Amino acid sequence: MTDAIVIGAGPNGLVAANVLADAGWRVEVLEAQDQPGGAVRSDRGVHPDYVNDLFSSFYPLAAASPAITALGLEDHGLTWSHAPIVLAHPLPDGRCALLHRGLETNIDAFERSFGRPDALAWRRLSRLWQELDPCLVRAMFAPFPPVRTGLALAARLRAAGLLRLARLAALPVRRMAEEEFDRDGPGLLLAGCALHADLLPESPGSAVFGWLMAMLGQQYGWPVPVGGASALSGALVRRLESRGGTIRCGTRVSEVVVRSGRALGVRTADGDSVRARRAVLADVPAPHLYGGLVAGEHLPAGLLDGVRRFQWDFATVKVDWALDGPIPWSADEARRAGTVHLGATMADLSDYALQVTTGRLPARPFGLLGQMTTADPSRSPAGTESAWMYTHVPQHVVDDLGPDGITGRWDEKEGEAIAHRMEEQVERFAPGFGDHVAARRVLTPPVLERLDGNLVGGAINGGTTAAHQQAVLRPVPGTGRPETPIERLYLASACAHPGGGVHGACGANAARAALRAQGVVTGRLLGPALAAAQRALAGAGDA
Ligand SMILES: Cc1cc2nc3c(=O)[nH]c(=O)nc-3n(C[C@H](O)[C@H](O)[C@H](O)COP(=O)(O)OP(=O)(O)OC[C@H]3O[C@@H](n4cnc5c(N)ncnc54)[C@H](O)[C@@H]3O)c2cc1C
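Since the structure is predicted, the reported quantities are computational estimates derived from the model, not experimental observations.

Caption draft 1: The arrangement of the site of the ligand in detail. In the region of the ligand, 32 residues are neighbours, and Glu31, Phe58, Asp283, Asp452 and Gly501 sit closest. Between the ligand and alanine 494, the relevant distance is 3.0 Å, taken from an oxygen atom to a main-chain nitrogen or oxygen of the residue. Surface burial for the ligand is 94%, taken as the share of its 1000 Å² of free accessible area covered by protein chains. Residues of the shell around the ligand, tallied by class, amount to 15 nonpolar, twelve polar and five charged.

In structure tokens form, the structure reads like this:
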């Protein structure tokens, strides 16, 4: 019998499985799709000569996350690659706000484009990051409350610093930009970063989110795996298999078997039963787990009520392109950036985000655009570009502010219409873009969900990033930790704290909780040895 079953081979499931295998547990991962990786996969489905990432592409969170860096994936075939410039945000007047790796490069660039006061303001914001590094990153990824790392942070900052951090945590990015910068460029970089999640420029918490993404980019870059997103998942899989773990793809779990308040194993959609001696870890959405895979009768009414209130993040439409040449940006520097934000002014970003929040499909979609061959030349032939753009759309469309009457049915016609609208947005910043499209693929919300059941309605972050669903409020008030009301069952997906993104922390936290519950010490040196001893004892008990 296996020690643990992990439901779902997304990055969180795969990290969880690796942590358990490191402790000497026998682990089996059951994955609904035919390929492991969840939203970390690439293919050649757009054009045989081009590798396109199906979902996520840039991995600053993985590069910074202790859960992933501790796995040493470079020993299992992972190589990172960087674009010359991390991020570009073209402005209406032809200038371009740029984020580079390296503080001094950024200071020089901001001074040249936006003047000395803005460069000094950037240095101030970077100094705060330097003061907090690496405690902040550790605290961010730890289960909530982060007791040890929290104390370390408090020791560094003392009372005044903590209050400053508390204010930053509540600040909207629009307000931060007004307070810190004279010109529009640096603030737009931060506000665009907040819109990777569902945070309006006016949302509390959008400043700290934008700042974190920018500081990660400045320190670690926004790297991509050489060969495509699947290279990251592949390294996680190979590492797991080298430690005896197994993955069964094409196997959807339909039920967690619970007896007397304890998880005993799972049942699959094919009717198989798989038992787990020690734990079941679920890399599935919280609303699918509670009242779905685990029948409501096993769960407290308060939890089910919380799940009813669970808020998904914005839906998403993504277009993947095979381009026969580089994108003809008006702002020349954008050619060297891995990611380009397409939304010119703060007012544009605010209008767009409010429209999406209120169910109105924007006529001018803000977009994130990835130039993957610029970031990793192995993605397509020299002189071409493997590219994508995604934009957020409402979970429920009540009105279309564009000319197409899109209803949110997202059939082929609506998919083509929104893709055309997104291409028009690229044309505004890169006239002649359309002439380079050799092939394209449109991923509407239902397509995304079909390819990965965790992307409910096209949500990409496992639920809203807004403050009312973070930390102890994630996924429902009173949790914030991976433990569930069912003994031996743990929530390991991005619906758990700390939420969306490829950092593996939700999986690692769930795995450590499972190990702790079984009395396993999770120190890196002692853990495996103690676990082996424990398993021998447990095996003797089973016999
Ligand atoms: C378009 C897009 C772009 C993104 N861009 C980035 C980015 O650039 N950088 C970044 O850090 N993050 C990005 N993200 C977010 C990131 O990919 C996710 O937050 C992350 O993948 C979540 O990991 P996970 O393991 O929790 O879930 P997932 O990656 O969604 O994996 C869950 C897995 O569980 C499987 N599963 C679900 N239910 C069952 C079941 N009942 N039985 C068996 N298997 C099941 C699913 O098939 C899936 O394989 C992006 C996401 C999307 C969709």
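Caption draft 2: Inspection of the environment of threonine 69 at higher detail. Take threonine 69: it is sitting in helix α3 (residues 66-69). Take threonine 69: its relative accessible area is 45%, and that puts it in the partly exposed class. Along the primary structure threonine 69 and glycine 504 are separated by 435 residues, whereas in three dimensions their C-alpha atoms are 9.9 Å apart.

Caption draft 3: Representation of the packing of aromatic side chains within the structure. Tallied over the full model, the rule gives ten aromatic pairs. Here tyrosine 59 and tryptophan 80 contribute two aromatic rings whose centre-to-centre distance is 6.2 Å and whose plane-to-plane angle is 45°, an arrangement assigned as tilted. Here tyrosine 59, found in the loop between β4 (50-53) and α2 (60-64), pairs with tryptophan 80, found in strand β5 (residues 80-81); they are 21 residues apart in sequence, far enough to count as distant. By relative accessible area, which is 23% here, tryptophan 80 ends up partly exposed.

Caption draft 4: Quick look at the state of the cysteines. Here the structure, examined in full by the defined rule, presents zero disulfides. Residue cysteine 193 stays outside any disulfide, its sulfur separated by 13 Å from that of cysteine 96, the closest cysteine. Owing to a relative accessible area of 0%, cysteine 193 belongs among the buried residues under this scheme. There is no disulfide at cysteine 506, and the cysteine sulfur nearest it, in cysteine 495, is 8.7 Å away. Among the residues examined, cysteine 506 registers a relative accessible area of 1% and is labelled buried.

Rules behind the numbers
- Residues numbered from 1 in each chain as written.
- Predicted model: local features only at pLDDT ≥ 70, side-chain atom pairs only at ≥ 80, totals over all residues.
- Heavy atoms only, no water.
- Near = heavy atom within 4 Å.
- Polar contact = N/O pair within 3.5 Å; in protein donor to acceptor, adjacent residues only side chain to side chain.
- Areas by Shrake-Rupley, 256 points an atom, 1.4 Å probe, with all protein chains shown as cover.
- Nonpolar A, V, L, I, M, F, W, Y, C, P; charged D, E, K, R; others polar.
- Helix = DSSP H or I, 4+ residues; strand = E, 2+ residues; numbered from the N terminus.
- Buried < 20%, exposed > 50% of the residue type's maximum accessible area, 1.4 Å probe, protein only.
- Phe/Tyr/Trp six-rings, centres within 6.5 Å; stacked < 30°, edge-to-face > 60°.
- Disulfide = S-S within 2.5 Å.

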